[in-house]
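# Fold and contact review
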Amino acid sequence: MQAPLSTVDPAEIEKFQAMAAEWWDENGKFKPLHMLNPCRLDYITSQIAGEFDRDLKTDKPFAGLRILDIGCGGGLLSEPMARLGADVVGADAAERNIPVAQVHAEQSGLTIDYRHTTAEAMAEAGEQFDVVLNMEVVEHVSSPIDYLTACQQLLKPGGLQICSTLNRNPKSFMMAIIGAEHVMRWLPKGTHEWSKFITPDELFDLLRNAGLTPVDRKGFVFNPITWSWSLSARDLSVNYVTASTKPA
């Protein structure tokens with residue numbers, strides 16, 4: 001059998017391999033994600049609850065849902081999903097991330113199926129999920145349309161994908177490259193390539209071409225005064241997130 005096409009970019013994977021041990025250090029190289037995580041989780045949980053008619057006030061609102069966290073890193077999103085009762089698979093193409101995630105989940109008393117694999121390989125194997133979390137990955141792959149098509153194949157009919165990335169414009173270059181990597185030094189220089197950033201309209205077109213139906217998009221906006229992130233319906237100029245569904 002022919003091996004499935006992979007959109008993994010080895011140079012991109014190596015960047016995250018080098019930082020793997022720091023995933024759970026809130027003041028380390030992943031500090032921006034730790035700061036953003038509450039805002040990401042607010043969006044993710046509200047979209048899942050709305051799509052699957054779940055009450056977030058109950059003890060395990062996502063019980064019975066199978067969720068894939070693709071590009072899971074150290075498990076910053078996988079663990080909250082497991083706590084909410086979901087059956088979680090965390091997958092990452094960077095092999096060193098997996099033992100870090102496994103150890104932290106075990107320490108946290110959580111059962112999460114972490115795998116060193118790719119979206120394409122899982123789609124080829126016929127895996128199916130109710131929800132695919134696809135956060136800050138699409139700007140790192142070699143072929144966004146092939147990658148998103150694999151993610152679409154991983155969804156059950158009626159399934160939901162949450163996909164976030166970075167807009168491509170002068171402001172995002174100043175904020176995400178100059179600001180985050182060179183001035184604040186939140187991330188190592190070269191973590192992102194501005195040319196790989198994707199505008200919201202481009203991402204919506206990619207999602208449609210991959211067989212998904214975009215249903216929502218919001219911006220993640222950083223406030224340097226309060227040193228916090230919030231959701232915005234209008235400001236998608238730098239970080240933003242989308243929701244799309246697979247036709248039933």
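Residues numbered from 1 in each chain as written. Predicted model: local features only at pLDDT ≥ 70, side-chain atom pairs only at ≥ 80, totals over all residues. Heavy atoms only, no water.

## Some details on the nonpolar core
The cut-off we apply is this: Residues belong to one nonpolar core when they are buried, are Ala, Val, Leu, Ile, Met, Phe, Trp, Tyr or Cys, and are joined through side-chain atoms within 4.5 Å. For each residue, the accessible area found with a 1.4 Å probe, counting protein chains only, is set against the maximum for its type, and the residue is called buried under 20%, exposed over 50%, and partly exposed in between. Helix and strand definitions here come from DSSP, where helices need a minimum of 4 consecutive H or I residues and strands a minimum of 2 consecutive E residues; each element is numbered from the N-terminal end. Contacts: residue pairs with any heavy atoms within 4.5 Å of one another.
Ranked by size, the top nonpolar core spans 34 residues in total, and within it I44, I48, F62, I67, M81, L133 and I162 carry the most contacts. Elements that contribute at least two residues to this core include exactly helix 2 (31-52), helix 3 (78-83), helix 4 (97-107), strand 4 (129-135), strand 5 (155-166), strand 6 (213-223) and strand 8 (239-245). Ranked by the residues each element gives to this core, the list is headed by helix 2, at 8 residues. With residues near it in sequence (within four places) discarded, M81 still touches L41, I44, T45, I48, F62, I67, A86, V88 and L133.

## Description of the sheet that holds strand 6
We apply this condition: We call two strands paired when DSSP finds no fewer than two bridges between them. Here the axes come from fitting lines to C-alpha atoms, over the contacting stretch only for helices, and the angles between their N-to-C directions go from 0 to 180 degrees.
Strand order in the open sheet made by the 8 strands is 3-2-1-4-5-8-6-7, with mixed pairing throughout. Among the strands making up the open sheet, the edge pair consists of strand 3 (113-116) and strand 7 (228-232). Strand-to-strand twist across the sheet, computed as the mean angle between neighbouring axes with direction ignored, equals 20 degrees. Strand direction decides the pairing type here: strand 6 and strand 7, joined by 5 bridges, are antiparallel. Bridge pairing in strand 7 places F222 opposite W229. This element, helix 4, spans strand 2 (87-92) and strand 3 of the sheet and lies at about 170 degrees to strand 3. Relative to the sheet, helix 8 (residues 200-209) contacts strand 5, strand 6 and strand 8, its axis offset from that of strand 6 by approximately 150 degrees.

## Concerning unusual backbone geometry
Among all residues except glycine, the phi angle is most often negative; among peptide bonds, the trans geometry is most common. Phi is positive for D53, which is not a glycine, with a value near 55 degrees. Turning to its location among the elements, D53 is positioned in the loop between helix 2 and strand 1 (66-70).

## A few points about the side chain of N239
Looking at the element boundaries, N239 is found in strand 8. For N239, a relative accessible area of 14% translates into the label buried. In this structure, N239 is in contact with T165, L166, G219, F220 and W229, ignoring residues within four places of it in sequence.

## Details of the pattern of salt bridges
Stated precisely, the cut-off is as follows: Think of a salt bridge as a Lys or Arg side-chain nitrogen and an Asp or Glu carboxyl oxygen that are within 4 Å of each other.
Applying the stated criterion across every chain yields a total of 12 salt bridges. A salt bridge links R66 to D87, with the nearest nitrogen and oxygen atoms 3.9 Å apart. Of this pair, R66 sits in strand 1 while D87 sits in strand 2; the two residues are 21 residues apart in sequence, bridging distant segments of the chain. Here D201 ties to R217 by a salt bridge, and the two come within 3.1 Å at their closest N and O atoms. Pair noted here: D201 is in helix 8 and R217 is in strand 6, with a separation of 16 residues, a long-range link. On the basis of relative accessibility, which here comes to 29%, the residue R217 falls in the partly exposed class.

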